[in-house]
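Spelled out, the chains give:
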Amino acid sequence: MLYPQENEHRRRLSLDGFWNFQAQRAGDDPTGWENALPSPTVLAVPASWNEQREELFDFFGPGWYQREFHLPSEWGGRHLVLRIGAAFYKTRVWLNGRELGTYEGGSLPSEYEAGDAARPGAWNCLTVRVDAGLDPWGLPPAQESANAGEGRVGFINQNPPVTYDFFPYGGIHRSVWLYATAPNRIEAVVVRTKLAPGHAEATVEVRARVTESGNVERLSIEVEGESAELEATGEADWFAGQLRIEGPRLWDVGRPELYEADVRLEDVNGGVDSYRQSFGIREVRVDERGLLLNGRPVYLTGFGKHEDSDFFGRGFNPPLAVRDFELLRWVGANSVRTGHYPYAEEFYDLADRIGVLVIAETPFVGMNNRMFTPEVEAKALPMIERMIARDTNHPSVVAWSLANEPYVKSDEALAFFRAMAKTARACDPTRPITYVAHVEVEDNRAAPDYDFFCLNKYYGWYVGHGRIDDTLDAFEAKLDEFYEAFGKPMMVTEFGADAVPGMHAWPAQPFSEEFQAEIVEKQIEVIRRKPYIFGFHLWNFADFKTGQTLSRIIHNRKGAFTRDRKPKLVAHTLRRLLRDQSTGHQA
Ligand code: BDP
């Protein structure tokens, strides 16, 4: 899952831009569409289709994308891979009419071997069929039937009928690349660092997987002038080696010290491949004090987010991503959770380069009891593996969140959550794992298998609506109850209220900016009193698009910022509260 890179031994071609597009409607016969679309229109990639054209607003696929591109003749004989950063939700790909493969999953990359179908030195036709059809067994799932109101109070008649509170945008959401390497290539690089006591020295362990391990002449790494050979590990196609760095510059909050590992593969047939992987030297663990970064407790403040903006929909929007990190700095926050799916890779690159902590979440949201089957598990576990393989080298990622608001009450649910925990730990023994809980203690039987506990609670909103002061004691008692039940350090990962920007009320009332600012300030005061809580994230960073239902005023309005990133009153409140405290910043 290495991000495509341009270097001495690798080439890449961006296929972003304007593509032909055709919506497949009931009654259409798509025979032959992989060769030519009969009456296409034009769409931008990457971006959701829903906000680009009126007729696609509530269209969920299948949508057919097609474009031509010229393949340089020198790419003949190279190892060619087509890579789609993410498309929601099921993808099928053809090159020059020949099927390359399929992938199910809306927020992780898919790759396809393209060498046999590609025509070097000529024009090529690429077709991508994306089906965002509401699938009750997808991850995340749609409701089993419209109006089922599954899993969420107040969401009966939600349109479209999904089990979660964000819009099921369709389309190619992240960049599309074609890349070329030597036939024997570096397929994966995993960098892990270990600090000696006192931090005077760090060990950097690098593992790499190659395509043809039998043909490796030499595999080596270099970091700032230090180099080491990687040797076969005995595990299929994996090699490993390590080097030491004296006086390491540690990566920390607001102190984004990064290193580059240059990996080089020389093949017995004379081929060469190389890859530059950035990484940070830092140590993360959880003990009874909470999250420790480089041995020191850190208090996390920030937001749960979404990938969501005007026009782009869920598509990756580079200036918006920079702006979001800039607003985090402005408000004084040090961390985010990728609610409720893995984000674009570029997002974690920015977090690494700016020094923001990330709790990285799977797309397992809306997981009610009917989902805990062997079939769903067989889809979920490989998604965890793919997510961790993709994001493991980011120093910004300090924990994996394996689900949002599941019901872990039945024996099946418990077994499912134990299998997920086991998979995540096998992929990455270096990071703590968690999942984000709601409802009651007895709905969270898997908590003992996870390292810390995350809780979402909406007192004064979904519980005791409109009564801020009257619900503070109940809020506090609920936090204590969860801590007493599990004895794990905790984070409050969601709390808040909707506020329609420009809506004012005195005295404060629901949906006004005053109400949102007041509830947030008073609940933070409660949260901060709890020694077992090591951080809080407001829901949400910005207003975001969701399905239509009586409790939503076009968007979910719980953002501290509007959808176009203007501060609401609560953002100023937070800025005052967060900038006044020093525990969250280590720099
Ligand atoms: C929580 C969910 C989140 C919702 C939020 C809300 O985790 O996805 O958007 O509630 O209702 O339960 O605003």
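(A) Molecular detail of the overall build of the protein. For the protein, the helix and strand inventory stands at seven helices and 33 strands. Summarising its shape, the C-alpha atoms of the protein cover approximately 75 × 65 × 45 Å along the three principal directions. Counting only residues that meet the buried cut, the protein has 61% of its 587 residues in that class. Partitioning the intrachain contacts of the protein with sequence separation of at least 6 by distance along the chain shows that 71% fall at a separation of at least 24. On the protein, roughly 22100 Å² of surface is accessible, and the fraction owed to carbon and sulfur atoms is 50%. Positive and negative side-chain charges in the protein, numbering 65 and 85 respectively, have mean positions lying 2 Å apart.

(B) Spatial organisation of the packing of helix α1 (residues 318-331) against helix α2 (residues 345-354). Running from amino to carboxyl end, α1 crosses α2 at an angle of 35 degrees, the nearest separation of the two axes being 10 Å. The handedness of the crossing between α1 and α2 comes out as right-handed. Contact residues: Ala 321, Val 322 and Phe 325 in α1; Phe 347, Leu 350, Ala 351 and Ile 354 in α2. Taken together, the residues of the contact of α1 with α2 break down into seven nonpolar, no polar and no charged.

(C) Focus on the sheet that holds strand β31 (residues 533-539). Read around the barrel, eight strands follow the order β24-β25-β26-β27-β28-β29-β30-β31 and close on themselves; strand pairing throughout is parallel. Going from strand to strand, the sheet's axes swing by 25 degrees on average, the running direction of each strand aside. Alignment of strand β27 (residues 397-404) against strand β28 (residues 433-437), held across three bridges, turns out to be parallel. Across the sheet, residue Trp 400 finds its bridge partner in β28, namely Ile 433. Of the strands in this sheet, β25 (335-337), β26 (357-361) and β27 touch α2, which is tilted by about 155 degrees from β26. Set on the sheet, helix α3 (residues 374-391) makes contact with β26 and β27; between it and β27 the angle comes to about 160 degrees.

(D) Structural detail: the site of the ligand. Of all residues adjacent to the ligand, which total 14 residues, the nearest are Asp 165, His 340, Glu 405, Tyr 462 and Lys 558. At 2.4 Å from an oxygen atom of the ligand is found a side-chain nitrogen or oxygen belonging to Tyr 462. Measuring from an oxygen atom of the ligand, one finds a side-chain N or O atom of Lys 558 at 2.6 Å. Each residue belonging to the shell around the ligand can be placed in one class, and the counts come to four nonpolar, four polar and six charged.

(E) Representation of the pairing of β31. In terms of burial, β31 is a largely internal element, seven of the seven residues being buried. Two strands pair when backbone bridges link them, and strand β24 (residues 300-304) and β31 are joined in this way by five bridges, in the parallel orientation. Pairing of Gly 302 across the sheet is with His 537, part of β31. Pairing between strand β30 (residues 490-494) and β31: two bridges, direction parallel. Residue pairing across strands places Met 490 opposite Ile 533, the latter belonging to β31.

(F) Structural view of the domain arrangement of the protein. When the domains of the protein are assigned, the result is domain 1 (17-132 + 169-174), domain 2 (186-279) and domain 3 (291-580). Centre-to-centre, using C-alpha coordinates, domain 1 lies 35 Å away from domain 2.

Thresholds applied
- Residues numbered from 1 in each chain as written.
- Predicted model: local features only at pLDDT ≥ 70, side-chain atom pairs only at ≥ 80, totals over all residues.
- Heavy atoms only, no water.
- Helix = DSSP H or I, 4+ residues; strand = E, 2+ residues; numbered from the N terminus.
- Buried < 20%, exposed > 50% of the residue type's maximum accessible area, 1.4 Å probe, protein only.
- Contact = heavy atoms within 4.5 Å.
- Areas by Shrake-Rupley, 256 points an atom, 1.4 Å probe, with all protein chains shown as cover.
- Lys, Arg positive; Asp, Glu negative; His and termini not counted.
- Charge placed at Lys NZ, Arg CZ, Asp CG, Glu CD.
- Axes fitted to C-alpha atoms, helices over the stretch in contact; angles between N-to-C directions.
- Left-handed = near helix turned anticlockwise from the far one by under 90°.
- Nonpolar A, V, L, I, M, F, W, Y, C, P; charged D, E, K, R; others polar.
- Pairing = 2+ DSSP bridges.
- Near = heavy atom within 4 Å.
- Polar contact = N/O pair within 3.5 Å; in protein donor to acceptor, adjacent residues only side chain to side chain.
- Domains from an automatic or database assignment.

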